[in-house]
Amino acid sequence: MKGLVSFSIFLSLLIFVTPDEGDEVEVEVEEEPQLQLPFRDRSHIEKTLRLDEKTTSDDYSGVLQRLRKIYHNAIRPMEQAYKYNELRQHEITAYPGRSMTSFQDGEIVSKPMILFLGPWSVGKSTMVNYLLGLDENIYQLYTGAEPTTSEFTVLMHGNKVRTVEGIVMAADSARSFSPLEKFGQNFLEKLVGIELPHRLLERVTVVDTPGIIENRKQQERGYPFNDVCQWFIDRADLIFVVFDPTKLDVGLELEMLFRQLKGRESQIRIILNKADNIATQELMRVYGALFWSLAPLINVTEPPRVYVSSFWPYEYQYDTNQNLFLKEEVSLLEDLNQVIENRLENKIAFIRQHAIRVRIHALLVDRYLQTFKDKMTFFSDPELVFNEILDEPDKFYIFKSILAKTNVSKFDLPNPSIYKDFFGINPINSFKLLSAQCSYMGGCLLEKIERIIAHELPGLLGAISAGKNPPLSSCDITGCGETPKNRYRKP
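No experiment lies behind these values; they were computed from the predicted model shown. (Residues numbered from 1 in each chain as written. Predicted model: local features only at pLDDT ≥ 70, side-chain atom pairs only at ≥ 80, totals over all residues. Heavy atoms only, no water.)

Turning next to the state of the cysteines. For the structure shown, the criterion picks out one disulfide. Note that Cys438 is cross-linked by a disulfide to Cys444, the S-S spacing being 1.9 Å. Note on the Cys438 and Cys444 pair: the S-S dihedral is about 115°, so by sign convention the disulfide is right-handed. When its relative accessible area of 36% is taken as the criterion, Cys438 is described as partly exposed. (Disulfide = S-S within 2.5 Å. Buried < 20%, exposed > 50% of the residue type's maximum accessible area, 1.4 Å probe, protein only.)

The method is simple in principle: a probe with the dimensions of a water molecule rolls over the atoms, and the space it marks as empty is what remains. Considering all chains together, one arrives at two cavities of 30 Å³ or more under this definition. Estimates place the volume of the largest cavity at around 60 Å³. As for the largest cavity, its lining consists of Ile114, Phe116, Val128, Leu131, Leu132, Leu200, Val204, Val206 and Leu336. Elements represented by at least two residues in the lining of the largest cavity include exactly strand S1 (113–117) and helix H4 (124–132). For the lining of the largest cavity, the leading source of residues is H4, giving three residues. Across the lining of the largest cavity, the residue classes break down as nine nonpolar, no polar and no charged. (1 Å grid on protein atoms, 1.4 Å probe; cavity = no way out; pocket = protein on both sides within 12 Å on 5 of 7 lines; lining within 4 Å. Points joined across faces, edges and corners; volume = space filled by probe spheres on them. Helix = DSSP H or I, 4+ residues; strand = E, 2+ residues; numbered from the N terminus. Nonpolar A, V, L, I, M, F, W, Y, C, P; charged D, E, K, R; others polar.)

Right, let's talk about the sheet that holds strand S2 (residues 152–157) for a bit. The strands making up a sheet associate through backbone hydrogen bonding, with each pair oriented either parallel or antiparallel. Strand order in the open sheet formed by eight strands is S3-S4-S2-S5-S1-S6-S7-S8, with mixed pairing between adjacent strands. If you trace the sheet from one side to the other, it starts and ends with strand S3 (162–165) and strand S8 (306–308), each paired once. Sheet twist, expressed as the average angle between the axes of neighbouring strands with direction ignored, equals 20°. As paired elements, S1 and strand S5 (residues 205–208) share four bridges and run parallel to each other. Paired with Met113 across the strands is Thr205, a residue of S5. Along the sheet, H4 contacts S1, S2, strand S4 (191–196), S5, strand S6 (238–243) and strand S7 (268–272); its crossing angle with S1, the most-contacted strand, is approximately 145°. Helix H10 (residues 322–341) rests against S1, S6, S7 and S8 of the sheet, and its axis sits at about 135° to S8. (Pairing = 2+ DSSP bridges. Axes fitted to C-alpha atoms, helices over the stretch in contact; angles between N-to-C directions. Contact = heavy atoms within 4.5 Å.)

This is the structure in structure tokens:
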């Protein structure tokens, strides 16, 4: 009975409020306010990175000129004599036939490289847009909650905004990306360069990488992703590994990435991005969980520096640690500025490290050749003798004998297995002993490379650190690579 009465009352009210045909009904719809955070002040970025200051390019160009001369006079002849670039390890992009006045010696004159790595959709591209001020710009890197970046994007300085295809970057000898051709055309299609007239890009080159997706096999990318990452890691001056509070798990691909970062711990900066999206107590738990996940992958005494902030153009969320996030961001920018300030010192150290590798390679080839000559007899089979040496290098003290040399560490020795492939392409008889690599006018190759490792490059580094103009060396007097004039020859 009560149900019947209630239904009658509801029907009466419905008839009462139903308008007649033709009557206009005004319906007021209450609009929900859209909350959009305002843009953040960017003055601290320009102030910390000193973008308003004009850099003196004369000293920088002068030191690079000296480095080019040292390279072409002492290092490159050794590379060519013992085919160092055939190892496909840490080769320097420099091309034969160039004049020393050309400013196109690849990695020797390249700017410091800033590399962004990490899982997908953690804010790597957003962070690049924020640092370069590309937000609300048609040339900004595409971002989104889904995996968006499928290419290796290289942001470089240019007089105007333009896009450079990967095949063009690899073919351009003025750039340092020519060695990337070895990864195949499929990779070059996934490589893109963007030139921008930006003051930060006048000093550094920024590389944004595809996000790591753990459920994807390497073969599905169509190119050797880990090998490409290793190439950029070897040349990066600063490596940002970015995470966010929702992606702290470490899978096989991320674990492989950290294996590739071994030995580069001083250049790694771990970033916990999007930190203002969670409460303070939850942020502390996420911070601890990140360390717990990365602890087995980074076996160093001192834990890596972790920056906690939110790197995007909008203001921080309300009721969060805004002062802490801003201080963390400024600390990160100071690290970036240190790379810019120390670019000359880092470049000299890079050239010296490369010279040490070339010297070790030449010493190893010389040792293999000397051992082969000592083992050979009139009735010996050359192929069997040399294969025995390749298969058992420890038996003939190939690598142990190199450790007796100065400036050689056992941690710098290459893997013995790579020389099987190396000598498979380059017959041992095609090389000469180091003792035979001497000339009356040019000197010995080994002596020249040892001199620059022990004296010239450290002296150049010490002069720059002291703020002095580096003194002239014999390289500057004779014009490295040129034959010295014979004073006793009649005109």
